[in-house]
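Secondary and tertiary structure notes
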Amino acid sequence: MSYNLFLLAFVLGIGGTFQYGLQISIINSPAEYIKSFMREAWLKRYGSSPSEDIITLMWSFIVSIYTIGGLLGSMSVRYLSVRFGRKKSMLLANIPALLSAALMALSWLSGYFEMIIVGRLLAGICAGLGLNIHIMYAGECAPQKLRGVIAITASTAIAIGKFAGFALGLREVLGVEALWPVLMAANAVPALIQLLTLPFFPDSPRYLLIDKKDKEGCIKAVKQLWGDGDHMAEVDEMIAEQEAIRGERAKSVCDLVRDKSVRWQFITLFLVSSCMQLIGVNVVYFYAYNVFLKVGISPAQTHYVSLGVGITEILTTVLCGFLVDRAGRKALLWKSFTAMALALGLLTVTLILQDSFSWIPYCSAALIFIFITSFGLGPAGVLCPLPTEIFIQSYRPAAYAFNGASNWIQLFFLGLLFPFMVEGLGSFCFIIFLAYCLSMAIFVYLVVPETKGKTMLQIMEEFNRLNYRGKKGQAALQQNNCSLTTVTRL
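Residues numbered from 1 in each chain as written. Predicted model: local features only at pLDDT ≥ 70, side-chain atom pairs only at ≥ 80, totals over all residues. Heavy atoms only, no water.

Labelled according to an unreviewed UniProt entry, the chain appears under the name Solute carrier family 2, facilitated glucose transporter member 5, originating from Callipepla squamata. Under the UniProt heading Sequence similarities (unreviewed entry), the note attached to the chain is "Belongs to the major facilitator superfamily. Sugar transporter (TC 2.A.1.1) family. Glucose transporter subfamily." Taken directly from UniProt, the Catalytic activity (unreviewed entry) text for the chain runs: "D-fructose(out) = D-fructose(in)". (UniProt positions renumbered as here; feature names shortened; annotations may be inferred.)

Have a look at this one:
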């Protein structure tokens, strides 16, 4: 990996997926302080204290509107990334982050808690844009041998963002009542860092060549990012992909859903990546608090245990980066899904029996860390490069827009339904997520082709064997393969 490529991965991470991880964890610490501020503002404005139901409703709105902002940001990914390019779109994503920070920082001084709501909406838009554009930009900038590890830096940035949110929320840092506006405005720092540093890097070489038809700009970007070696084989592969697209415009999400030529790519994207919320990691985090209390950790110390969980996520995603281009995407995915299914099954049993034996809670705590480790080694890291690898350039922005929107919609509804699931099913709610993880392990093992060390066109040919079946499908496949072979030779 060249020095410039490593720096680009860092700059993209600090203003991209880091923001998503930061906003997920940073909201927990100042919750009571913000509720107290809303009571005071309501009393000054209306002359009477609000009921607890109103406070709960407004707090729920502050938390959930972040997902609505994320959905709006994800739906804008296709248009912005095609219209302005990956680099400019990434820079534009920092504008709502800075506006969000300003609104939330000034909310206490102005006495308007509504500014927090608008700020959270803007933070969600930033996260929705940054999460998808970052992964697409990083994947398109990496050479074939490093495509996996560069894309997985996005997952590491999410884990570091979560850890930073937990760390900043400690009482020893910014987790006190006087400093909660500063804590909520912390997302301005990574946004400013990216705005000042990203302009020194080029746009995605694939975007420059395939979308903008700027071969000289592409070669210049390749040399700046990869060094002065001979990279013409990689450039020729991009040219072959450009010829395979045959000048087609960037596809819409509707084209992605309807087009038979990417049918199994879409099915794989939807089942394995777009339904990522069904893995159950948020449910495991919910139960982790009670489990840690059972093993003797005091409520005041659980914040430090959260830091330990965050460090585990960071280390596993870094390890995944080392393994993904050695063990392969497919092996890491189906094995980690299997491990998570086993962990969820055993966790269901230990949570039921945790009051029966004194040693059972320790087993539950160990299973939680096993689940988090498996999640970091598998889906959290491996799914980052998946949309980049299984879709060619014309479908890629639509794939990221669909993937992002699906995840934000699921996150919103899971947040609404989760309390009722826990109340009605208890620890048996893990069975739903266990079934998904086990199904995905089987699906990945039987259906999804390995993408390690293959060009985009080679991966497309692998999926074409699934997309075109029967006599008519085989004839269309042969014709398509002939054109691809001719393009590759050219």
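Across all of its chains, the model carries two cavities of 30 Å³ or more by this definition. The volume enclosed by the largest cavity comes to roughly 50 Å³. Taken together, G139, E140, A142, P143, Q144, R147, R206, E234, E237, M238 and M456 make up the lining of the largest cavity. Put simply, the parts of the chain that give the lining of the largest cavity at least two residues each are α8 (114-141) and α14 (232-245). Looking at the lining of the largest cavity residue by residue, the classes come out as four nonpolar, two polar and five charged. In terms of lining, the second largest cavity is formed by R329, K330, L333, L386, V444, V448, P449 and T451. With three residues, helix α19 (residues 329-352) is the single largest residue contributor to the lining of the second largest cavity. Residues belonging to the lining of the second largest cavity are distributed by class as follows: five nonpolar, one polar and two charged. (1 Å grid on protein atoms, 1.4 Å probe; cavity = no way out; pocket = protein on both sides within 12 Å on 5 of 7 lines; lining within 4 Å. Points joined across faces, edges and corners; volume = space filled by probe spheres on them. Helix = DSSP H or I, 4+ residues; strand = E, 2+ residues; numbered from the N terminus. Nonpolar A, V, L, I, M, F, W, Y, C, P; charged D, E, K, R; others polar.)

One can find S100 in helix α7 (residues 94-110). A relative accessible area of 0% means that S100 is categorised as buried. A distance of 2.8 Å separates a polar side-chain atom of S100 from the backbone oxygen of G119. Contact partners of S100, with chain neighbours within four places excluded, come to G119, L122, A123 and N187. (Buried < 20%, exposed > 50% of the residue type's maximum accessible area, 1.4 Å probe, protein only. Polar contact = N/O pair within 3.5 Å; in protein donor to acceptor, adjacent residues only side chain to side chain. Contact = heavy atoms within 4.5 Å.)

Okay, the side chain of T67 next. Within the secondary structure, T67 sits in helix α4 (residues 52-75). Setting aside residues no more than four positions away along its own chain, T67 makes contact with W408, L411 and F412.

In this structure, the second largest pocket occupies an estimated 420 Å³ of space. Lining the second largest pocket are 17 residues, with F6, T153, T156, I160 and V318 sitting closest to its centre. Listed by contribution, the elements that provide at least two residues to the lining of the second largest pocket are α1 (3-15), α9 (147-168) and α18 (302-323). Element by element, the count of residues in the lining of the second largest pocket is highest for α9, at six residues. Classifying every residue of the lining of the second largest pocket gives 12 nonpolar, five polar and no charged. Taken domain by domain, the lining of the second largest pocket gets at least three of its residues from each of domain 1 (1-201) and domain 2 (255-470). (Domains from an automatic or database assignment.)

A complete count under the given rule lists 11 aromatic pairs for this structure. With a centroid separation of 5.0 Å and 55 degrees between ring planes, the pair formed by F266 and F402 is classed as tilted. Of this pair, F266 sits in helix α16 (residues 263-274) while F402 sits in helix α23 (residues 396-425), and the two are 136 residues apart along the sequence. Taking the relative accessible area as the measure of exposure, F266 reaches 14% and is therefore buried. (Phe/Tyr/Trp six-rings, centres within 6.5 Å; stacked < 30°, edge-to-face > 60°.)

This part covers a nonpolar patch on the surface. A contiguous nonpolar surface patch, about 590 Å² in accessible area, is contributed by V349, I352, L353, L425, F428, I431 and I432. Among the secondary structure elements, I431 is positioned in helix α24 (residues 430-446). The exposure class assigned to I431 is partly exposed, which follows from its relative accessible area of 41%. (Patch = residues over 30% accessible without salt bridge, like charges linked within 9 Å, V, L, I, M, F, W, Y side chains within 5 Å. Areas by Shrake-Rupley, 256 points an atom, 1.4 Å probe, with all protein chains shown as cover. Salt bridge = Lys/Arg side-chain N within 4 Å of Asp/Glu carboxyl O.)

Attention now moves to α8. The terminal C-alpha atoms of α8 lie 40 Å apart, and with 28 residues this matches the ideal 40 Å at 1.5 Å per residue to within 8%. Most of α8 sits inside the fold, with 24 of its 28 residues counted as buried. (Expected span 1.5 Å × (residues − 1).)

Take the environment of E237 next. Structurally, the position occupied by E237 is in helix α14. Measuring from C-alpha to C-alpha, the distance between E237 and L457 comes to 8.3 Å, with 220 residues separating the pair along the chain. Among all residues touching E237, those that are not within four sequence positions of it are R206, T455 and M456.

Our focus in this paragraph is helix α25 (residues 456-467). Taking 1.5 Å per residue, 12 residues should reach 16 Å; α25 reaches 16 Å between its end C-alpha atoms and fits that length. Taken together, the buried positions of α25 are M456, L457, I459, M460, F463, N464, L466 and N467. Buried residues along α25 cover an arc of 150 degrees about the axis, so they all sit on one side. (Arc of directions from axis to C-beta.)

Now for the packing of α7 against helix α11 (residues 188-197). Relative to each other, α7 and α11 sit at 145 degrees, their axes nearing to 9 Å. The two elements α7 and α11 cross, and the hand of that crossing is left-handed. In this structure, α7 contributes N94, A97, L98 and A101 to the contact, and α11 contributes A188, A191, L192, Q194 and L195. Tallied by class, the residues present in the contact of α7 with α11 amount to seven nonpolar, two polar and no charged. (Axes fitted to C-alpha atoms, helices over the stretch in contact; angles between N-to-C directions. Left-handed = near helix turned anticlockwise from the far one by under 90°.)

The subject of this paragraph is the pattern of salt bridges. Scanning the model with the defined rule gives 17 salt bridges in all. E462 serves as the salt-bridge partner of R465, at 3.5 Å between the closest nitrogen and oxygen. Taken together, the positions of R465 and E462, both in helix α25 and three residues apart, correspond to about one turn of that helix. Taken together, the shared-partner salt bridges connect R86, E140, R206, D211, E237, E241 and R396 into one network.

Before going further, it helps to spend a moment on unusual backbone geometry. Even without being a glycine, K213 presents a positive backbone phi close to 55 degrees. Within the secondary structure, K213 is located in the loop between α12 (205-211) and α13 (215-226). Its relative accessible area of 57% is what places K213 among the exposed residues.

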